[in-house]
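# Understanding the architecture of this molecule
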Amino acid sequence: MASMQKRLQKELLALQSDPPPGMKLNEKSVQNTITEWFIDMEGAPGTLYEGEKFQLLFKFSSRYPFDSPQVMFTGENIPIHPHVYSNGHICLSILTEDWSPALSVQSVCLSIISMLSSCKEKQRPPDNSFYVKTCNKNPKKTKWWYHDDTC
């Protein structure tokens, strides 16, 4: 537990001092707990999501960084994207099987920005309705099938 807290403190300071473009830690979210962070995000300029505001939720287990964080979009505005379900779950391999302890909150944020920025058409995943009705509340419990590298 101590190593997890030390790592999260380090990442928290890095995120506060040098956040990825368009990202900002919601400071209120870390006042009472270090294991749940809300990060406010704005769509990158020149993309389909330019100026849109989103919020990411990061939840960390006691096994972090050896276990990936649970990451999902939350709030009123969930991006319409082929790898983002309407309940906020994100189909991104680094959040599950391709996770490495060398990754960080900042690198996950950059991957999500990149995923949104490279999108060519706003649409939900083809199985959105079925998935949202049948999935676990924790996206990490989903056995994702990574069938493409495009948006």
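Residues numbered from 1 in each chain as written. Predicted model: local features only at pLDDT ≥ 70, side-chain atom pairs only at ≥ 80, totals over all residues. Heavy atoms only, no water.

Per an unreviewed UniProt entry, the chain carries the name N-terminal E2 ubiquitin-conjugating enzyme and comes from Cyprinus carpio. Of the comments in the UniProt record for the chain, the one headed Function (unreviewed entry) reads "Accepts ubiquitin from the E1 complex and catalyzes its covalent attachment to other proteins. Catalyzes monoubiquitination. Involved in degradation of misfolded chaperone substrate and DNA repair." (UniProt positions renumbered as here; feature names shortened; annotations may be inferred.)

### Some remarks on the overall build of the chain
A count of helices and strands for the chain gives three helices and four strands. If you list the helices and strands of the chain from N to C, you get α-β-β-β-β-α-α. Taking 15 Å as the expected radius of gyration for a compact globule of 151 residues, we find that the chain reaches 15 Å, a close match to that expectation. By the burial criterion, 42% of the 151 residues in the chain qualify as buried. (Helix = DSSP H or I, 4+ residues; strand = E, 2+ residues; numbered from the N terminus. Rg over C-alpha atoms; globule rule 2.2 N^0.38 Å. Buried < 20%, exposed > 50% of the residue type's maximum accessible area, 1.4 Å probe, protein only.)

### A few points about the sheet that holds strand β4 (residues 70-74)
The sheet built from four strands is open, its strands ordered β1-β2-β3-β4 with antiparallel pairing. A strand with exactly one partner marks an edge of an open sheet, and here the two such strands are β1 (23-25) and β4. Pairs of neighbouring strands in the sheet enclose a mean axial angle of 25°, with direction left out of account. Sheet analysis places strand β3 (residues 53-59) next to β4, joined by five bridges and oriented antiparallel. Looking at the pairing, Gln55 lines up with Thr74 of β4. Strands in contact with helix α1 (residues 2-17) are β1 and β2 (36-42); relative to β2, the strand with the most contacts, it is inclined by about 20°. (Pairing = 2+ DSSP bridges. Axes fitted to C-alpha atoms, helices over the stretch in contact; angles between N-to-C directions. Contact = heavy atoms within 4.5 Å.)

### Some remarks on the packing of aromatic side chains
Under the defined criterion, the tally for this structure stands at seven aromatic pairs. Taken together, the ring pairs in this structure connect Trp37, Phe58, Phe60, Tyr64 and Trp99 into an aromatic cluster. (Phe/Tyr/Trp six-rings, centres within 6.5 Å; stacked < 30°, edge-to-face > 60°.)

### Some details on helix α2 (residues 105-117)
Every α-helical turn comprises 3.6 residues, leaving residues that sit three or four positions apart pointing alike. For α2, with 13 residues, the first-to-last C-alpha span of 18 Å sits near the 18 Å given by 1.5 Å per residue. For α2, the complete set of buried residues consists of Val105, Val108, Cys109, Ile112, Ile113, Met115 and Leu116. Burial along α2 is one-sided: seen end-on, the buried residues are contained in an arc of 160°. Of the surrounding elements, those touching the buried residues of α2 are α1, β1, β2, β3 and β4. (Expected span 1.5 Å × (residues − 1). Arc of directions from axis to C-beta.)

### With respect to the nonpolar core
Within the largest apolar cluster, 34 residues are counted, with the highest numbers of intra-cluster contacts made by Trp37, Leu56, Phe58 and Phe73. Broken down by secondary-structure element, the contributors of at least two residues to this core are α1, β1, β2, β3, β4 and α2. Considering each element in turn, this core owes the most residues, seven residues, to α2. (Core = buried A, V, L, I, M, F, W, Y, C linked by side-chain atoms within 4.5 Å.)

### Some thoughts on the pairing of β3
A large share of β3 lies buried, amounting to five of its seven residues. One ladder, built from seven bridges, connects β2 with β3; its direction is antiparallel. Each residue of the ladder has a partner; that of Met41, found in β3, is Phe54.

### Some remarks on α1
Here α1 contains 16 residues, and its C-alpha end-to-end distance of 23 Å stays within 8% of the 22 Å for a straight helix at 1.5 Å per residue. If you check which residues of α1 are buried, you get Met4, Arg7, Leu8, Glu11, Leu12 and Leu15. With its buried residues spanning 140° around the axis, α1 presents them on a single face. Structural note: α1 exposes Ala2, Lys6, Lys10, Leu13 and Ser17 on the side pointing more than 90 degrees away from its buried face.

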